[in-house]
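In case you want the letters, here they are:
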Amino acid sequence: MDFIKKIRENPHPFVIAEIGQNHQGDLHIAKQLIKVAKECGADCAKFQKTCPKEKFTSSALNRPYPGANSWGRTYGEHKEFLEFSEKEFEELQAYAGSIGILFTASAMDEESLRFLQSIQVPFIKIGSGDSNNPFLIEKAAQTGIPLIISTVPGMIDLETVQKIHGLVSKHHKNFALLQCVSSYPTPCEDINLQVISLLQKSFPDTLIGYSGHELGIHLSVAAVALGAKIIERHITLDKTLKGSDHKCSLEPLELKAMIEQMRTLQLALGKPIKKTEPSEEPCFEKLGKSLVYARKLSCGHPVSLQDLKIKVSSPKGLDGWKYLDVLERRLNCDVDEEDPVLWRHFLPNL
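The notes below deal with the structure included here. This is a predicted model, so every value here is computed, not measured.

### Some words on helix α6 (residues 86-99)
Its 14 residues place the ends of α6 20 Å apart at the C-alpha level, agreeing with the 20 Å of an ideal helix rising 1.5 Å per residue. Of the residues making up α6, those classed as buried are F89, L92 and A96. For α6, the angular spread of buried residues about the axis comes to 60°, placing them on one side. Relative to its buried face, α6 has exposed residues pointing more than 90 degrees away, namely K87, A94, G97 and S98. Lining the buried residues of α6 we find α2 (27-40), β2 (44-49), β3 (102-107) and α7 (110-118). Positive phi shows up at G100, right after α6, with a value of about 85°.

### Here's the deal with unusual backbone geometry
With glycine set apart, most residues show a phi of negative sign, and most peptide bonds adopt trans. Across the junction of Y184 and P185, the peptide omega takes the value -5°, indicating a cis bond. Cis geometry is found at the peptide bond from S314 to P315, where omega equals 0°. Residue placement: P315 occurs in the loop between β10 (308-312) and α14 (323-326). Residue Q120 is not a glycine yet carries a positive backbone phi of 60°. Secondary-structure assignment places Q120 in the loop between α7 and β4 (124-126). For Q120, a relative accessible area of 67% gives the class exposed.

### Thoughts on the nonpolar core
Counting residues in each nonpolar core, the largest one holds 62 residues, and the members touching the most others are F47, I124 and M258. Residue contributions to this core peak at eight residues, all from α2. In this structure I124 touches T104, A105, A107, L113, L116, I145, P146, L147 and I148, once residues within four positions along its chain are discounted. In this structure, I4, I16, F123 and L207 belong to the second largest nonpolar core, which totals twelve residues.

### Some thoughts on the packing of aromatic side chains
In total, this model carries twelve aromatic pairs according to the counting rule given. Geometrically, the ring pair formed by F47 and F84 is edge-to-face, given 6.5 Å between the ring centres and 65° between the ring planes. Of this pair, F47 sits in strand β2 while F84 is found in the loop between α5 (75-82) and α6, placing the two residues 37 residues apart along the sequence. No difference in accessibility class separates F47 from F84, as the two residues are buried. Aromatic pair Y65 and Y75: ring centres 4.9 Å apart, planes at 75°, arrangement edge-to-face. With Y65 in the loop between α4 (58-62) and α5 and Y75 in helix α5, this residue pair connects regions lying ten residues apart in the sequence. A cation over an aromatic ring shows up here: K242 above the ring of W71, its NZ or CZ 4.0 Å from the ring centre.

### Let's talk about the environment of V181
Take V181: it is sitting in the loop between β6 (175-180) and α10 (194-202). Judged by its relative accessible area of 15%, V181 is buried. Residues V181 and G212, spaced 31 residues apart in sequence, show a C-alpha to C-alpha distance of 7.2 Å.

### A word on empty space enclosed by the protein
Tallied over the entire structure, the rule returns one cavity of 30 Å³ or more. Approximately 30 Å³ is the volume found for the largest cavity. Lining the largest cavity are C180, V181, T186, I191, Y210, S211, G212, H213 and E214. Examining the composition of the lining of the largest cavity, we find that three residues originate from one element, strand β7 (residues 207-212), more than from any other. For the lining of the largest cavity, the class distribution of residues is four nonpolar, four polar and one charged.

Rules behind the numbers
- Per chain, residues are indexed from 1 in the order of the written sequence.
- The predicted origin of the model limits local features to residues at a pLDDT of at least 70 and limits the giving and counting of side-chain atom pairs to 80 or more, whereas totals for whole chains, interfaces and linings rest on all residues.
- Here the side-chain values reflect all heavy atoms present in the structure, with hydrogen atoms and water set aside.
- Only DSSP runs of H or I covering at least 4 residues are called helices, and only runs of E covering at least 2 are called strands; the numbering of each starts at the N terminus.
- A helix's residues, less one, multiplied by 1.5 Å, set its expected span.
- Buried residues are those whose accessible area, probed at 1.4 Å on protein chains only, stays under 20% of the maximum for their type, while exposed residues exceed 50% and partly exposed ones sit between those limits.
- What the arc measures is the spread of directions leading from the helix axis to the C-beta atoms.
- The contact definition used throughout considers only heavy atoms, calling two residues in contact when any of these lie within 4.5 Å.
- Grouping buried Ala, Val, Leu, Ile, Met, Phe, Trp, Tyr and Cys residues that are joined through side-chain atoms within 4.5 Å yields what is termed a nonpolar core.
- Stacked, edge-to-face and tilted are the three classes for Phe, Tyr and Trp ring pairs, Trp counted by its six-membered ring, which pair at centre distances within 6.5 Å; planes under 30 degrees apart are stacked, over 60 edge-to-face, the rest tilted.
- Look at NZ for Lys and CZ for Arg. If either is within 6 Å of the ring centre and within 35 degrees of the ring normal, a charge sits over the ring.
- Here a cavity means grid points, on a 1 Å grid over the protein atoms only, where a 1.4 Å probe fits yet cannot get out; a pocket means an open set of points with protein on both sides within 12 Å along at least five of seven lines; lining residues are those with an atom within 4 Å of a point.
- Grid points are joined across faces, edges and corners, and a volume is the space filled by probe spheres set on the points.
- Amino acids outside the nonpolar list (Ala, Val, Leu, Ile, Met, Phe, Trp, Tyr, Cys, Pro) and the charged list (Asp, Glu, Lys, Arg) are all regarded as polar, and Gly is one of them.

This is the structure in structure tokens:
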């Protein structure tokens, strides 16, 4: 069974704990975050893999990068500080495997894509910044590795999502699309959860999910109610840490609460079948109404509408909606007022 099909058939949403670069360039913190993801019930711990010289131009890397969230004098120094080596990535992957959680990363460029392919990650994420990068998307699709692709309205429209879908579909169908808004944190009015439904309608053969950057957890839970089968959220040990992503990330208690609420919601959504549930039976036995006689009647009397009422009765009579079935039927015995209406009270129809 392919990876995306497994997610589709799982009753619970697939939760990606996006560590990104919230590890502060520290391998120990990275492992702590992987452990948090596992303990809180996430399915996958995800990082970002970048070869700065492949992703950025020299001028972008050399620009000054002052500010409270900077880890270097230039943007290049900042990115290098936060980037793990291939050996460190392999160490993190081994650690994740040892505690039983999936490990992967976003491929930010073709060199990083080749590395992730070499270490056999279960899927590769194409981040929001590359939703308008057909070169990388096609290279990723050509690997045959399952893909999860963020689609960002600020960078692309539905027509472009259709192009992404068509491009990947040429190579395989083992991929998913995520609604995502690249604003940190995202204002509620910009989230547009209804795009999840739009994507489901536009691509019925493709799994749809949600990658959120909003504050709190309730809107991510709402995405599950709309049918999102994959939920991705950034996580952190502390929202006040240095770095622009921490403030819109979930701390451990939030992550755990979100996953628990999603599990509860998924259970409550149930199936589109209207039926009496076993849990309703005590209430029905106590307060459920049924047909009773409105007055004392004699044997042979043809029952009319005026002879019937619907009340809480013990023992119970026929269901109230059966009243049409007993009209004009003749009684085969005397009955008292408020006796339950029962089939055995009637003569057989001729």
